[in-house]
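The chain contents come next:
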Amino acid sequence: MTQTKIVLSERDIPTHWYNINADLPAAGVDLPPVLHPGTGQPVGPADLAPLFPMALIMQEVSTERYIEIPDEVRDIYTLWRPTPLYRAHRWEQALDTPARIYYKYEGVSPAGSHKPNTAVPQAYYNKQEGVTRITTETGAGQWGSALSFACQMFGIECKVYMVRISYDQKPYRKLLMQTWGASVVPSPSNETNAGRQILAKDPDSSGSLGIAISEAVEEAVSRDDTRYSLGSVLNHVLLHQTVIGQEVIKQLELIDADWPDVVVACTGGGSNFGGFAFPFVRENIVNGKQTRVVAVEPAAAPSLTRGVYAYDFGDTAQMTPLVKMHTLGHDFVPAPIHAGGLRYHGMAAQVSALKEAGLIEAKNVQQRAIFDAAMSFTRAEGILPAPEAAHAILGALDEALACKESGETKTIVFNLSGHGHFDLASYDAYLQGNLVDYEYPTELVQQSLANLPKVG
Ligand SMILES: *Cc1c(COP(=O)(O)O)cnc(C)c1O
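I will try to describe carefully the structure that is included in this document. (Residues numbered from 1 in each chain as written. Predicted model: local features only at pLDDT ≥ 70, side-chain atom pairs only at ≥ 80, totals over all residues. Heavy atoms only, no water.)

## Focus on the pattern of salt bridges
Then comes step 1: Summed over all chains, the structure comprises 20 salt bridges.
Then comes step 2: Of the charged contacts, one joins E361 and R292 as a salt bridge, the two residues approaching to 2.8 Å between their closest N and O atoms. Of this pair, E361 sits in strand β14 (residues 361-365) while R292 is found in strand β11 (residues 292-298), placing the two residues 69 residues apart along the sequence.
Then comes step 3: Note on E361: relative accessible area 32%, which makes it partly exposed.
Then comes step 4: Under the relative-accessibility criterion, R292 is labelled partly exposed at 29%.
Then comes step 5: A salt bridge links K410 to E408; the nearest nitrogen and oxygen atoms lie 3.9 Å apart.
Then comes step 6: Judged by its relative accessible area of 24%, K410 is partly exposed.
Then comes step 7: By relative accessible area, E408 is classed as partly exposed at 37%. (Salt bridge = Lys/Arg side-chain N within 4 Å of Asp/Glu carboxyl O. Helix = DSSP H or I, 4+ residues; strand = E, 2+ residues; numbered from the N terminus. Buried < 20%, exposed > 50% of the residue type's maximum accessible area, 1.4 Å probe, protein only.)

This is the structure we're talking about:
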């Protein structure tokens, strides 16, 4: 019998995070500076201090290749790490492909996704610097629950601005956050200027991540005891997620697997993709490996494939620093019929720069195909994927079917970023035949892009 589940011991949890900034120069990739929204000048640590603890600011700008993971953080990681790597024997058979498919499963964390990998160190560094409250935003509720859990571990108060449409449609994630002690308010809310301005224009606003970020940031900068926390996009977030890819490499080595021909992950803000794929990108840059690295995003929010590579705000109210990234425009509001998550308007600067340099590939996919792929996977492997993770499943499926066509025995590894136990309403829509494909209209992309800040 060939092995199905490749498990490491707690001793194998990585001791360091991998910082790809150290290897970008060798690849000729330039990461443009983050700019101050008022002055247009590069931001310094002092500019970011009202938002983040200094340890995280230093990680954000670090070029050190490996950054040590504090013992307290590794200790909490042992609650679910190392996560298993599976060989998808049954799915390979169902697809009748000669490819070898592996998936890393991050759904075993308390919150059910990869997000606690960064929520825990973020709460830890805040605690170290005496912060007693953290604000954040959440869309579908995955990030909000991860941070609520992490704050609970360190006795920090957690306030979550939850995108209105999810607050109404996904009550169970809200309850999970409350169970871990967080307070959750629907966004836009009346608690901030940013929220009140949006409500004045549109009392029925369904909200967006960009709006919720504005609210959380506004509250953090207006209170001394409070900092803000972001669940994706930023360098330090992707850094923390690199425990995923480092473990995958150890797991593949443990069973003498062939080096992957292709690795696949979904991209919202880029954190599970970066954490899973950057250790492989490093092998490509430094050790001459030739793994194809594929990012998969929704056709309804296609920042990496249809956005422009330009400086933009991270939020709708234009309060955050300007980041050069692939963006659909900071006033992007996703269509309510889109069920698959991954709704953020921008992409992590590191992921954007790698895409621009041709070191990674990206494609966008339609939601019915995503759920078809999720069904094919769960009926063979049993795990019910988060709709976000199903984008990666579809990416892997396409690669496996190409192998079937060509007869090649490629090694495909993808990141299964979370389970879908809280996403059954989306599965219901799919099973009832109510899910329609939706491509973000070109006119709307152009409208949003016309409002990009003018820089330099
Ligand atoms: C939040 C989330 C994502 C998307 O966020 P990234 O920062 O792009 O990783 C993907 N999968 C799951 C399960 C998530 O919860």
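Text resumes after the structure shown.
## Topic: the state of the cysteines
Then comes step 1: Counted according to the given criterion, the structure contains 0 disulfides.
Then comes step 2: C151 forms no disulfide, and the closest cysteine sulfur to it belongs to C158, at a distance of 4.1 Å. (Disulfide = S-S within 2.5 Å.)

## A word on the nonpolar core
Then comes step 1: W17, Y228 and V351 are the most contacted members of the largest nonpolar core, which has 85 residues in total.
Then comes step 2: The biggest single contributor to this core is helix α6 (residues 142-154), with 7 residues.
Then comes step 3: Setting aside chain neighbours within four positions, we find V351 in contact with L238, G270, F273, F278, L304 and I360.
Then comes step 4: In terms of nonpolar packing, the next biggest core, distinct from the first, is built from 42 residues, W91, L342, F414 and Y430 among them. (Core = buried A, V, L, I, M, F, W, Y, C linked by side-chain atoms within 4.5 Å. Contact = heavy atoms within 4.5 Å.)

## A few points about the sheet that holds strand β8 (residues 183-187)
Then comes step 1: As summarised here, the arrangement of the 4 strands in space is β8-β7-β6-β9, forming an open sheet in which the pairing is parallel. What marks the edges here is a single partner per strand, and that holds for β8 and β9 (226-228). Within this sheet the neighbouring strands show an average axis-to-axis angle of 25°, counted without direction.
Then comes step 2: Direction of pairing for strand β6 (residues 133-138) relative to strand β7 (residues 157-163): parallel, over a ladder of 6 bridges. The residue bridging T136 from the neighbouring strand is V160, located in β7.
Then comes step 3: Relative to β6, α6 is tilted by about 160°, and along the sheet it contacts β6 and β7. (Pairing = 2+ DSSP bridges. Axes fitted to C-alpha atoms, helices over the stretch in contact; angles between N-to-C directions.)

## Considering the site of the ligand
Then comes step 1: If you check the shell around the ligand, you find 17 residues, and the closest are K115, S232, G268, S271 and S417.
Then comes step 2: When the ligand is considered free in solution it has 380 Å² of accessible area, and contact with the protein chains removes 94% of it.
Then comes step 3: Split by residue class, the shell around the ligand holds 3 nonpolar, 12 polar and 2 charged. (Near = heavy atom within 4 Å. Areas by Shrake-Rupley, 256 points an atom, 1.4 Å probe, with all protein chains shown as cover. Nonpolar A, V, L, I, M, F, W, Y, C, P; charged D, E, K, R; others polar.)

## Describing the pairing of β7
Then comes step 1: Here β7 lies mainly inside the structure; 6 of its 7 residues are buried.
Then comes step 2: Between β6 and its parallel partner β7, the chain crosses via α6, and the hand of that crossover is right-handed.
Then comes step 3: Pairing of β7 with β8 involves 5 bridges; the strand directions are parallel. The partner of K159 across the bridge, within β8, is S183. (Right-handed = clockwise from strand over helix to strand, strands pointing away.)

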